[in-house]
Amino acid sequence: MGVELRSKEAYLKLLDYVLSHLGKRGSKVGDRLIELKPSIIQESKQTIITNFSHLAELLSRDSEHLARFIFKESGKPGMIEGERLVISGKVSPDEVAKLLQMYFREFVKCPVCEGVDTAIVSEKRFRFITCEVCGAKNPVRKI
Ligand SMILES: [Zn+2]
């Protein structure tokens, strides 16, 4: 039983991973595909995402917000230079993909209907993710 549960969980995780990487989900109203393909240049002491502003645009989020998330979660500082994000230190392409996926799950995808047509709004000291598809409003952390 324990093994069965674990393998099912692993399968679901894998499935979730694959689906989110393909940008494919159910065909709900308001659904659209978001395909994130970061272009990464790795130098000895820097990791540069050359299409960074495009990625932020695909997610309909401020590039500064996405950058803060990446710096915070990777534990590495950096800066935005035009279209690019320059991270001080090495972040592998897999880690970049994982960070983008984490950001997508926390700050873009509606936790109720999984729609991606959402916005982050500020109310007093709080931040919420609001969904244009189902109207849900859920708190998100400030970053
Ligand atoms: Zn929703």
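None of these values were measured; they are calculated from a predicted model. (Residues numbered from 1 in each chain as written. Predicted model: local features only at pLDDT ≥ 70, side-chain atom pairs only at ≥ 80, totals over all residues.)

A. Broad picture of the overall build of the chain. Scanning the chain for helices and strands turns up four helices and seven strands. Seen in sequence order, the chain has helices and strands lined up from the N terminus as α-β-β-α-α-β-β-α-β-β-β. Counting every position in the chain, which comprises 143 residues, the buried fraction comes to 17%. Once local pairs closer than 6 in sequence are excluded, the contacts in the chain between residues at least 24 apart make up 42%. (Helix = DSSP H or I, 4+ residues; strand = E, 2+ residues; numbered from the N terminus. Buried ≥ 20, exposed ≤ 12 C-beta atoms within 10 Å, placed from the backbone. Contact = placed C-beta atoms within 7 Å.)

B. Examining the sheet that holds strand S5 (residues 118-123) more closely. With antiparallel pairing, the three strands of this open sheet are ordered in space as S5-S6-S7. Unpaired on one side and paired on the other, S5 and strand S7 (137-140) mark the two borders of the sheet. The mean angle between the axes of side-by-side strands here comes to 35°, regardless of whether they run parallel or antiparallel. As defined by bridge partners, strand S6 (residues 126-131) adjoins S7 across four bridges and the pair is classed as antiparallel. Residue pairing across strands places Thr130 opposite Lys137, the latter belonging to S7. (Pairing = 2+ DSSP bridges. Axes fitted to C-alpha atoms, helices over the stretch in contact; angles between N-to-C directions.)

C. Looking closely at the packing of helix H3 (residues 63-74) against helix H4 (residues 93-108). Look at H3 against H4: their axes get within 10 Å of each other, and the N-to-C directions meet at 120°. It follows from the interaxial angle that H3 and H4 lie oblique. Crossing geometry of H3 relative to H4 is assigned as right-handed. Here Leu66, Phe69, Ile70, Glu73 and Ser74 of H3 come into contact with H4, specifically with Glu95, Leu99, Met102 and Tyr103. Here the contact of H3 with H4 is composed, by residue class, of six nonpolar, one polar and two charged. (Parallel < 35°, antiparallel > 145°, perpendicular 65-115°, else oblique. Left-handed = near helix turned anticlockwise from the far one by under 90°. Nonpolar A, V, L, I, M, F, W, Y, C, P; charged D, E, K, R; others polar.)

D. The arrangement of the pairing of strand S2 (residues 46-49) in detail. Burial of the side chains of S2 is restricted to one face: Thr47 and Ile49 are buried, whereas none of Gln46 and Ile48 on the reverse face is. For strand S1 (residues 40-42) and S2, the ladder comprises three bridges, and the chain directions are antiparallel. Bridging across to S2, Gln42 finds its partner in Thr47. Connecting S1 to the antiparallel partner S2 that follows it, the hairpin turn spans three residues.

E. Focus on H3. Helix length check: H3 (twelve residues) gives 16 Å between terminal C-alpha atoms against 16 Å at 1.5 Å per residue, within 8%. Within H3, burial applies to Leu66, Ala67 and Ile70. Each buried residue of H3 lies within a common arc of 100° when the element is viewed along its axis, so the set occupies one face. Seen from the open side of H3, the exposed residues pointing more than 90 degrees away from its buried face are Glu64 and Lys72. (Expected span 1.5 Å × (residues − 1). Arc of directions from axis to C-beta.)

F. View of the pairing of S6. Summarising the sheet, S5 and S6 pair through six bridges and their orientation is antiparallel. Following the sheet pairing, Ser122 is matched in S6 by Arg127. Hairpin connection of S5 to S6: two residues between the antiparallel strands, including Lys124 at a positive phi of 55°. Between S6 and the antiparallel strand that follows it, S7, lie five residues; Gly135 among them carries a positive phi value of about 80°.

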